[in-house]
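Topology and contacts: notes
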Amino acid sequence: MDLTDGHMSKEHRELLQFASESADPLSVSPLQISSSPKSPRSPKSPRSPKSPRSPKSPRSPNSPRSPKDHHGKHGTSKGSPLKNDRHSHSRRDGRPKKGGSGGKGTWGGLLDMDDSYSFDPHDPNYTSNEENEQLSVRKLSAPFEEYKKKAIIIVEEYFATDDVVSTANELRELGMPSYNYYFVKKLVSMAMDRHDKEKEMSAVLLSSLYADVIDPPQVYKGFSKLVESADDLIVDIPDTVDVLALFIARAVVDDILPPAFLTKEMASLPKDSKGVDVIRRAEKGYLSAPLHAEIIERRWGGSKNKTVEDVKGRINNLLIEYVLSGDKKEACRCIKELKVPFFHHEIVKRAIIMAMEKQQAECRLLDLLKVTAEEGLINSSQISKGFGRIIDTVDDLSLDIPNARGILQSLISKAASEGWLCASSLKSLSLGPEKRLLEDSAAKAFKTKAQSIIQEYFLSGDVLEVSCCLESETCSSLAELNAIFVKKLITLAMDRKNREKEMASVLLSSLCFPADDVVNGFIMLIESADDTALDIPVVVEDLAMFLARAVVDEVLAPLHLEEIGSQCLGPDSIGNKVLQMAKSLLKARLSGERILRCWGGGGSSRNGWAIEDVKDKIGKLLEEFESGGDIREACRCIKELGMPFFHHEVVKKSLVTVMEKKNDRLWGLLGECFSIGLITTNQMMKGFGRVAESLDDLALDVPDAEQQFTRYVERAKTEGWLDSSFCFNRSGHAVENGSCL
């Protein structure tokens, strides 16, 4: 069809003329457009503004622009046709669009539409429905886009101010609760790329806004969107899987996401998506771990770095304020804001003690505990534990509160009758204490002294000095002090590095405390494990390892584990978890060697030595000395073993050899080692005790073994190696201070 005839409409002529003018001469072939009077080109067309005239290519202002004009007089040159035309004279952006079309000299994408495009009612293809649909989409997207912008600003301001109340008010003022899922998604995704401080702030904010400002379905939807976008997030945040999994685990612990979220999301996600990895990490890496709630709460700084003393102070303040105001709702809100559900037993304990001290506040405090129990804010195990802790200290309370035992019994009866306390799970109050309790002042003084002794030992490593200090501080009538020392030693070691943990185990083995005292020390550790977990999240693992190490070092016998287990309340108690983990460690293959090396010590200063290796070295050095070796060289070799807590093996092997061969040369070696402090009295007594235990077997080779052993015991007492209280009975068991070793 001829373009110059009159059959083309005016509109089509203008479109075709505009296309020919904006075409790139190198990308399309030039179209010859006739300047017919029927299609005059207006110089004021907004689509192609008038270009400044080039001095090299003058043209008439009335002549239409043609692709040929780009060449000018250089159109026939051999070089680039655009060599001298370096700058575009058009106001249109010549760069390609994101979709790959619409650049300078192109016709645009097939479905591209300019922003200024509007529907023409005179267009024969015009339908009113099309325009209405576009208007409705714009109306829906406009508020959401506005919400997105404001949500980002709110999150940025919150990270800068840490003001939860102000953030909640701003979110309410937006007035678009149906879009709050986007706020959840944006808050978490922005925090993921920041420091632990912002992550903790985000978790606290979500917990504070939950249900009050953001509806639970919106929180659920926000986390669902985050999991779905994990593949995109990992491009900018490499540790997306771990961080997002921790956010989800924290939400479950804070009760703003149901545990069923994990199962439902796993079923709806593609198997190869990163979201599946996120869900698995949250479920198996965080929520399945022992004491996972405490660990997760403290992962990013732990509830604003609260310490035990801080929490106790806040509990005391909220109870005092409640007694004055009587506002149960405010008190429950404060308890919830503490975010320490595993420490709620402290609230029960302090509330009951306050009720015992102030009779007029008794009803009000019991009402508060009843409400918290009925609403599930404080669970039954925490209530029982709180009462149990008071029962344990009721004799101390009697010093300040007359008839404390009777008052406590009355409170227990009231709580049980109201149905929020299971009295059958508590210890009996009718019986007096089975063991004499230490005076409060004496116990506090010893704890302070013990801490000083332990800290000095961690610096010097001098076991003998610790033994001397303890002998001067304690007396045989106060065996509880030994248990207190064991508890303090292990507690301080758990909060330090592996070096101090190894030193603590070595010291515990070297001191040779009576087994009952060590057992009581571990029971005290387990009872206070909930409090310790605030500062040491891995308390279960550390306690289990210390307990297993005590068995390997023969500080405790395996039967003592059952005694400790009998003090644990319930299968879910921390004590039961510690006991089960310790048993698992001891049952493992090569458990002795692994446990000795658990903190890098290997039972000696030379990493990697097993117990059998050490026994073999001791046997060889004793044989060498017996055959004519130098006593100083033998002492040096014993010292180089680096195992002062295992010197009882030297005593045992030397004594057995002396009894078998009736050669006193090794007896002289023991005397030299004792005189220079290389072998302590404790190690001597433990060595003699182990020989006493094996007398029945030894009698098979040495018929007069018992008579010889009796003679050597008396000789050791005379020379000061053994305490005068040391003896052994006819059954072959050594006895010290009236108790079997």
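All residue numbers here refer to positions counted from 1 along the written sequence of the relevant chain. The predicted nature of this model means local features are confined to residues of pLDDT at least 70 and side-chain atom pairs, given and counted, to a pLDDT of 80 or more, with totals for whole chains, interfaces and linings taken over all residues. Neither water nor hydrogens contribute to the side-chain values; these are computed over all heavy atoms in the structure.

1. A short note on the overall build of the protein
Only DSSP runs of H or I covering at least 4 residues are called helices, and only runs of E covering at least 2 are called strands; the numbering of each starts at the N terminus. The secondary structure content of the protein amounts to 36 helices and three strands. Contact definition: two residues touch when any of their heavy atoms are within 4.5 Å. Nonlocal contacts in the protein, meaning residues at least 24 apart in sequence, comprise 71% of its contacts between residues at least 6 apart. The Shrake-Rupley method, run with a 1.4 Å probe sphere, supplies the accessible areas, and residue values consider only the shown protein chains as cover. Total accessible area on the protein is roughly 40,300 Å²; 51% of this is exposed by carbon and sulfur atoms.

2. Some points on the packing of helix α32 (residues 648–661) against helix α34 (residues 681–693)
Interaxial angles span 0 to 180 degrees and are taken between N-to-C directions of axes, which are lines fitted to C-alpha atoms, for helices over the stretch in contact. Look at α32 against α34: their axes get within 8 Å of each other, and the N-to-C directions meet at 50°. For the element pair α32 / α34, the angle class is oblique. By crossing handedness, the relation of α32 to α34 is classed as right-handed. Seen from α32, the contacting residues are H648, E649, V651, K652, L655, V656 and M659; seen from α34, they are Q683, M684, K686, G687, F688, R690 and V691. Counted by class, the contact of α32 with α34 contains seven nonpolar, three polar and four charged residues. Throughout this description, any angle smaller than 35 degrees is read as roughly parallel, any larger than 145 degrees as roughly antiparallel, any in the 65 to 115 degree range as roughly perpendicular, and the remainder as oblique. Rotating anticlockwise by less than a right angle from the far helix to the near helix defines a left-handed crossing, while the corresponding clockwise rotation defines a right-handed one. Residue classes follow a fixed rule: Ala, Val, Leu, Ile, Met, Phe, Trp, Tyr, Cys and Pro count as nonpolar, while Asp, Glu, Lys and Arg count as charged, and any other residue, Gly among them, counts as polar.

3. Some thoughts on the pattern of salt bridges
Salt-bridge detection follows one rule: a side-chain nitrogen of Lys or Arg within 4 Å of a carboxyl oxygen of Asp or Glu. For the structure shown, the criterion picks out 20 salt bridges. The salt bridge partner of E346 is R350, with a shortest N-O separation of 2.6 Å. Here R350 and E346 lie together in helix α15 (residues 344–357), a separation of four residues that amounts to about one turn. The rule is simple: take the accessible area with a 1.4 Å probe, protein chains only, and divide by the maximum for that residue type; under 20% is buried, over 50% is exposed, in between is partly exposed. By relative accessible area, E346 is classed as buried at 2%. Here R350 falls in the partly exposed class, since its relative accessible area comes to 25%. With its nearest N and O atoms 3.2 Å apart, the salt bridge here joins R499 to E500. Of the residues examined, R499 reaches a relative accessible area of 47% and is grouped as partly exposed. A relative accessible area of 11% places E500 in the buried class.

4. Notes on the side chain of K199
If you trace the backbone, K199 turns up in helix α5 (residues 196–209). Positive residues here are Lys and Arg, negative ones are Asp and Glu, while His and the chain termini are left out of the count. Of the buried charged residues, K199 lacks a salt bridge, with D196 as the closest side chain of opposite charge at 4.1 Å. Only 2.5 Å separates the side chain of K199 from the backbone oxygen of R194, close enough to count as a polar contact. Once you skip the residues sitting within four places of it in the chain, K199 turns out to touch A191, M192, R194, V243, F247 and W300. Within 3.5 Å is the distance limit for a polar contact, defined as a pair of N or O atoms, with the added protein rule that one can donate a hydrogen and the other accept it, and that residues adjacent in sequence qualify only through two side-chain atoms.

5. Things to note about a negative patch on the surface
The residues that make up patches have over 30% relative accessible area and no salt bridge, and they are joined within 9 Å when like-charged or within 5 Å when they are Val, Leu, Ile, Met, Phe, Trp or Tyr. Charge placement uses NZ in Lys and CZ in Arg. For Asp and Glu, CG and CD serve respectively. On the surface, a cluster of negative charge is made up of D231, D232, D272 and D277. Given the relative accessible area of 57%, D232 is considered exposed.

6. Here's the deal with helix α19 (residues 404–418)
Helix length check: α19, at 15 residues, gives a terminal C-alpha distance of 21 Å against a target of 21 Å (1.5 Å per residue), a fit within 8%. Those residues of α19 lying buried are A404, I407, L408, L411, I412 and A415. Looking down the long axis of α19, one finds its buried residues gathered within 140° of arc, a one-sided arrangement. Looking at the buried residues of α19, the elements they touch are α15, α16 (362–374), α17 (380–392) and α18 (394–400). Phi turns positive, to about 90°, at G419, one or two residues after α19. For a helix, the expected span equals 1.5 Å multiplied by the residue count minus one. This arc is taken over the directions from the axis of the helix to the C-beta atoms.

7. Concerning unusual backbone geometry
Phi at A211 is positive, roughly 75°, even though this residue is not glycine. Position of A211 relative to the elements: it lies in the loop between α5 and α6 (216–228).

8. A few points about helix α23 (residues 498–511)
Between its first and last C-alpha, α23 extends 20 Å over 14 residues, near the 20 Å set by a 1.5 Å rise per residue. α23 sits mainly inside the fold: twelve of its 14 residues count as buried. Here α23 has its buried residues at E500, K501, E502, M503, A504, S505, V506, L507, L508, S509, S510 and L511.

9. Quick notes on the packing of aromatic side chains
Each Phe, Tyr or Trp ring (for Trp, its six-membered ring) is paired with any other whose centre lies within 6.5 Å, and the angle between the two planes then decides the class: stacked below 30 degrees, edge-to-face above 60, tilted in between. All chains considered together, the criterion is met by 14 aromatic pairs. Grouped by ring-pair contacts, the aromatic residues F144, Y147, Y179 and Y182 constitute a single cluster. The ring of F625 has R665 sitting right over it, with the charged end atom 4.3 Å from the ring centre. When the ring centre of Y712 is taken as origin, the NZ or CZ atom of R711, which lies over that ring, is 5.6 Å away. A positively charged side chain is recorded as over a ring if its NZ (Lys) or CZ (Arg) lies within 6 Å of the ring centre. The angle to the ring normal must also be within 35 degrees.

10. Considerations on the nonpolar core
Definition used in this section: a nonpolar core is a set of buried Ala, Val, Leu, Ile, Met, Phe, Trp, Tyr and Cys residues joined via side-chain atoms within 4.5 Å. Within the largest apolar cluster, 58 residues are counted, with the highest numbers of intra-cluster contacts made by L171, F183, F223 and I248. Top element by residues in this core is helix α8 (residues 240–253). It accounts for eleven residues. In contact with L171, not counting residues within four places along its chain, are Y147, I154, N180, F183, L209, V213 and I214. By size, the runner-up hydrophobic cluster in this structure holds 55 residues, among which are I453, F458, V486 and A550.

11. Side note on the environment of P177
The residue P177 is located in the loop between α3 (164–174) and α4 (180–192) in this model. For P177 and D215, which are 38 residues apart along the polypeptide, the C-alpha to C-alpha distance reads 7.8 Å.

12. Looking at the packing of α6 against helix α9 (residues 260–268)
Taken N-terminus to C-terminus, the directions of α6 and α9 make an angle of 45°; their axes are 11 Å apart at the nearest point. Considered as vectors, α6 and α9 are oriented oblique to each other. Helix-helix and strand crossings are classified by hand; for α6 and α9 the assignment is right-handed. Residues Y220, F223, S224 and V227 of α6 pack against F261, K264 and E265 of α9. Split into classes, the residues belonging to the contact of α6 with α9 amount to four nonpolar, one polar and two charged.

13. Observations concerning the state of the cysteines
Two cysteine sulfur atoms form a disulfide, by the criterion used here, when they sit within 2.5 Å. All chains considered together, the criterion is met by zero disulfides. Between C468, a free cysteine, and C469, which holds the nearest cysteine sulfur, the sulfur-to-sulfur gap is 6.9 Å. When its relative accessible area of 41% is taken as the criterion, C468 is described as partly exposed.

14. Thoughts on the side chain of T167
Note on placement: T167 falls in helix α3. Classification of T167 as buried rests on a relative accessible area of 3%. Setting aside residues no more than four positions away along its own chain, T167 makes contact with I154, Y158, F183 and L205.

15. A closer look at the environment of P558
The residue P558 is located in helix α27 (residues 558–565) in this model. Using a relative accessible area of 56% as the deciding quantity, one classes P558 as exposed. With ten residues separating them in the primary sequence, P558 and A548 have C-alpha atoms 9.1 Å apart.

16. Focus: the confidence of the model for the protein
Close inspection of predicted coordinates is inappropriate in any region flagged by low pLDDT. The pLDDT score gives, residue by residue, the confidence of the prediction method on a 0 to 100 scale. In this model, the protein carries a mean pLDDT of 75, and residues with pLDDT of at least 70 account for 72%. Low pLDDT, under 50, characterises residues 1–6; the stretch is placed with ten contacts to residues that sit more than four places away or in other chains. Contacts for the low-pLDDT stretch residues 602–608, under 50 throughout, to residues beyond four places or in other chains number 19 contacts.

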